[in-house]
Amino acid sequence: MICALPGNEAFAERLCAELGMRAVELEWRRFPDGESYLRFRQDLKGHNLALVCTLNDPDSKTLTLLFAARTARELGASKVALVAPYLGYMRQDRRFQDGEAVTSVHFAGLLSQAFDRLLTVDPHLHRRGSLSEIYSIPSKAVAAAPAMAQWIRANVPEPLVVGPDSESEQWAAEVAAACAAPHAVMNKTRLGDRRVEIEAPPLSRWKDRTPVLLDDIISSARTMALAARKIQEAGLRAPVCIGVHGVFSPDALGALRGAGVAKVVTTNTIAHETNGIDVSALVARAMEDLA
Ligand code: R5P
């Protein structure tokens, strides 16, 4: 059974369509004091249930999600899986300064207690090798690369795939290979939440190609915006920017427009006006062997 948490209905419907299922209804509303009311409208007893909830802005969503998971278990669901197309709280994976909370570990602990399985798309594994280092439940990471490569092949002639930092090399290299295109990777230093420095490798020999900047997350968009500027300073045309997860802080699209990018495209792991790449089929296939 598949059930959408509020705001995830469209993605859950796509999964249902792919898997030939009907979504379980979850009634949700707020009491006048702001607390959540939840009620499952179908009998869950003996069924494996996948709760679909993308976890951008996780502070606003997590409590409802945990209530839903606990309730599903109480109502007799055999296994309760979390399908989180975007998995939040992956950035703070170390105590950089005394006293800081390593929130990725605490968040993983909370979700691992509430769920039996986890499925997500391209989690932001920075200093971690895999989700299993912090999640104690079986987990699966779906790669969006095939869907991004398909979009580039259909929409961008003669692409040059560019990763804005060393971490993005994994996506840039794979997507470029799938498009039979060259790739290049920049070197980024983060100076603050909205401040980055980027060094570009020599790019001028690819002046006849269309640059495609590719990253896992677009949040403040400062990374993409500065990388786009570096590309144009090297004499290449304005890049197409592709993000797996369009987290987009309120000023992010403005920063990208200010950098003169040609187009911004994201996958639908987070619903946004820039969504142009559908990963629901990839997620649905991965759900088939999640049980
Ligand atoms: C960082 O390591 C990620 O891969 C992204 O580059 C980062 O999250 C982008 O952040 P922002 O859009 O705020 O520059």
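Structure report, in brief. Treat the numbers as computed from the prediction; the structure is a model and nothing was measured. (Residues numbered from 1 in each chain as written. Predicted model: local features only at pLDDT ≥ 70, side-chain atom pairs only at ≥ 80, totals over all residues. Heavy atoms only, no water.)

Counting secondary structure elements, the chain contains 8 helices and 16 strands. Here the C-alpha radius of gyration of the chain, 20 Å, is about what a compact globule of 291 residues would show, namely 19 Å. Within the chain, the fraction of its 291 residues that count as buried is 49%. Relative to all contacts within the chain whose residues are 6 or more apart in sequence, the contacts with residues 24 or more apart total 63%. Counting only carbon and sulfur atoms, one obtains 47% of the accessible surface of the chain, whose full area is about 13600 Å². In the chain, the 33 positive side-chain charges and the 34 negative ones have mean positions that sit 1 Å from each other. (Helix = DSSP H or I, 4+ residues; strand = E, 2+ residues; numbered from the N terminus. Rg over C-alpha atoms; globule rule 2.2 N^0.38 Å. Buried < 20%, exposed > 50% of the residue type's maximum accessible area, 1.4 Å probe, protein only. Contact = heavy atoms within 4.5 Å. Areas by Shrake-Rupley, 256 points an atom, 1.4 Å probe, with all protein chains shown as cover. Lys, Arg positive; Asp, Glu negative; His and termini not counted. Charge placed at Lys NZ, Arg CZ, Asp CG, Glu CD.)

The next subject is the site of the ligand. Taken together, 14 residues sit near the ligand, with Glu167, Asp215, Asp216, Ser220 and Thr223 positioned nearest. In this structure, Asp165 approaches the ligand through a side-chain N or O atom, which is 3.4 Å from an oxygen atom. Between Thr223 and the ligand, the recorded distance is 2.5 Å, taken from a side-chain N or O atom to an oxygen atom. In the complex, the protein chains occlude 90% of the 370 Å² of accessible area that the ligand would expose alone. Those elements giving two or more residues to the shell around the ligand turn out to be strand S11 (187–192), strand S13 (210–218) and helix H6 (222–233). (Near = heavy atom within 4 Å. Polar contact = N/O pair within 3.5 Å; in protein donor to acceptor, adjacent residues only side chain to side chain.)

Attention shifts here to unusual backbone geometry. One non-glycine residue, Tyr89, lies in positive phi territory at about 50°. Examined against the element boundaries, Tyr89 turns out to sit in the loop between strand S6 (79–84) and helix H3 (103–114). Using a relative accessible area of 28% as the deciding quantity, one classes Tyr89 as partly exposed. Unusually for a residue other than glycine, Ala180 sits at a positive phi of about 50°. Mapped onto the secondary structure, Ala180 falls in the loop between helix H5 (169–178) and strand S10 (183–185). The exposure class of Ala180 is exposed, given its relative accessible area of 71%.

Attention shifts here to the packing of helix H4 (residues 145–155) against H5. Relative to each other, H4 and H5 sit at 50°, their axes nearing to 9 Å. Our classification of the angle between H4 and H5 gives oblique. Of the two elements, H4 crosses H5, and the hand of that crossing is right-handed. Contacts between H4 and H5 involve Ala145, Met148, Ala149, Ile152 and Arg153 on the former and, on the latter, Trp171, Glu174, Val175 and Ala178. (Axes fitted to C-alpha atoms, helices over the stretch in contact; angles between N-to-C directions. Parallel < 35°, antiparallel > 145°, perpendicular 65-115°, else oblique. Left-handed = near helix turned anticlockwise from the far one by under 90°.)

This part is about the environment of Phe11. Residue position: Phe11 is located in helix H1 (residues 9–19). Phe11 sits 256 residues away from Thr267 along the chain, and the two C-alpha atoms are 11 Å apart.

For the rest of this paragraph, the subject is the sheet that holds strand S8 (residues 139–142). Read across the open sheet, the 6 strands follow the order S2-S1-S5-S6-S7-S8; overall the sheet is parallel. Of all strands in the sheet, those bounded by a partner on one side alone are strand S2 (23–24) and S8. Pairing of strand S1 (residues 2–4) with S2, which is carried by 2 bridges, proceeds in the parallel orientation. Following the sheet pairing, Ile2 is matched in S2 by Ala23. (Pairing = 2+ DSSP bridges.)

On to helix H8 (residues 280–288), then. Inspection of H8 places Ser280, Val283, Ala284, Ala286 and Met287 among the buried residues, and these make up the whole buried set. Mapping the buried residues of H8 onto a view down its axis gives an arc of 165°, with all of them on the same face. Packed against the buried residues of H8 are S1, H1, strand S5 (48–52), S6, strand S7 (117–121) and S8. (Arc of directions from axis to C-beta.)

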